Amino acid sequence: MPEGHTLHRLARLHQRRFAGAPAVVSSPQGRFADAAMITGRVFTRASVWGKHLFHHYDGGPIVHIHLGLYGTFTEAPVPMPLPVGQVRMRVVGAEYGTDLRGPTACEVVDEAQVSAIVARLGPDPLRRDADPELAWTRISKSRKSIGALLMDQRVIAGVGNVYRSELLFRHHIDPYRPGRDVADAEFAEAWTDLVALMKVGVRRGKIVVVAPEHDHGAPPYAPNRPRTYVYRRAGEPCRVCSTPVRTAVLEGRNVFWCPTCQI
């Protein structure tokens, strides 16, 4: 599942390519019937909260998109080729177009519905209006593990499995430690680090978490996989202390950690 930085990067791209002009919106697959009420309207802006992307159009309609596990956008200059596969939504501007495939959600909503979606979410570290105190209030009162809390979009919006494992490693926190046992200072430092890491992700288009002094002695990764401290490195030596990295299922997803570095 794409993490929050991917959605913010997409929003910037779509803002740059489509905002300020009418867009031709269609549903080659036929499953986004409301495309007909959007097409021809001016694309005014794109916004994001966590893993939710919003396309705003003149006159009020908003397209709410959640990529889920399998959703993806592909971009192409116009004239675009004929749609290939199950294209849920196609947006075509003056110079570029984009195809959306496999999202969990692609629907037209209004401002009240957007507010209802956002009300269910925690602060987004990449938004200027993010309030970390809201996340800290929930974490500091919870008996649930910090590893579970970080994946709860109601606590922090936009954090996925990679950032969860890597952030906890970088701050020496066992993923099974209860949220209420995380110190205020620990959370503050982790939040600041998370904001910085996710901003790098937006800027570079990939997750970068390993310090140069630790990025050595590991096998090469496939092009679409980030270099990490612990994520997807089960059984391999920790980059810092050489202890084998462990993994377990936590809240339905594999979490990775070093039992020596994280206490």
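Use the structure listed above.
Let us look at the structure shown here.

Each value, and the rule that gives it
- Residues numbered from 1 in each chain as written.
- Predicted model: local features only at pLDDT ≥ 70, side-chain atom pairs only at ≥ 80, totals over all residues.
- Heavy atoms only, no water.
- Salt bridge = Lys/Arg side-chain N within 4 Å of Asp/Glu carboxyl O.
- Buried < 20%, exposed > 50% of the residue type's maximum accessible area, 1.4 Å probe, protein only.
- Pairing = 2+ DSSP bridges.
- Helix = DSSP H or I, 4+ residues; strand = E, 2+ residues; numbered from the N terminus.
- Axes fitted to C-alpha atoms, helices over the stretch in contact; angles between N-to-C directions.
- Contact = heavy atoms within 4.5 Å.
- Expected span 1.5 Å × (residues − 1).
- Parallel < 35°, antiparallel > 145°, perpendicular 65-115°, else oblique.
- Left-handed = near helix turned anticlockwise from the far one by under 90°.
- Nonpolar A, V, L, I, M, F, W, Y, C, P; charged D, E, K, R; others polar.

**Side note on the pattern of salt bridges**
A pair can form between side chains of opposite charge whenever their charged atoms are brought close. Summed over all chains, the structure comprises 9 salt bridges. Note that Asp99 and Arg90 form a salt bridge whose closest N and O atoms lie 2.7 Å from each other. Residue classification places Asp99 among the buried positions, given a relative accessible area of 4%. Classification of Arg90 as buried rests on a relative accessible area of 9%. One salt bridge connects Arg233 with Glu236, and the closest N-O pair in it is separated by 3.1 Å. Assessed through its relative accessible area of 23%, Glu236 is described here as partly exposed. Each of Asp215, Arg227 and Arg239 takes part in a single network of salt bridges with overlapping partners.

**Remarks on the sheet that holds strand β8 (residues 96-101)**
The strand order across the open sheet formed by 4 strands is β2-β7-β8-β6, and the pairing between neighbours is antiparallel. Here the strands that pair on one side only, and so sit at the sheet edges, are β2 (24-26) and β6 (72-77). For this sheet the average axis-to-axis angle between neighbouring strands, irrespective of direction, equals 15°. Inspection of the sheet shows β2 paired to strand β7 (residues 87-92) by 3 bridges, in the antiparallel sense. Bridging from a neighbouring strand, Val24 pairs with Val92 of β7. Running over the sheet, helix α1 (residues 4-18) touches β6, β7 and β8 and is turned about 30° from β6.

**Some points on α1**
Taking 1.5 Å per residue, 15 residues should reach 21 Å; α1 reaches 21 Å between its end C-alpha atoms and fits that length. Among all positions of α1, only Gly4, His5, Leu7, His8, Leu10, Ala11, Leu13, His14 and Phe18 are buried. At the C-terminal side of α1, Gly20 shows a positive phi close to 90°.

**As for the sheet that holds strand β3 (residues 42-49)**
One open sheet holds the 5 strands; their spatial order is β1-β3-β4-β5-β9, and the pairing between them is antiparallel. Sheet topology places β1 (21-22) and β9 (105-109) at the edges, where each strand pairs with a single neighbour. Inspection of the sheet shows strand β5 (residues 62-66) paired to β9 by 5 bridges, in the antiparallel sense. Bridging from a neighbouring strand, His66 pairs with Ala105 of β9. Packing of α1 onto the sheet brings it into contact with β1, β3 and β4 (52-57), and relative to β3 it is tilted by some 170°.

**Observations concerning the packing of helix α4 (residues 132-140) against helix α7 (residues 184-204)**
In the contact formed by α4 and α7, the axes pass within 11 Å of each other and the chain directions differ by 135°. By the angle class used here, α4 and α7 are oblique. Handedness of the α4/α7 crossing: right-handed. Where α4 approaches α7, its residues Pro132, Ala135, Trp136 and Ile139 are matched on the opposing element by Asp184, Phe187 and Trp191. Per-class residue counts for the contact of α4 with α7 are 6 nonpolar, no polar and 1 charged.

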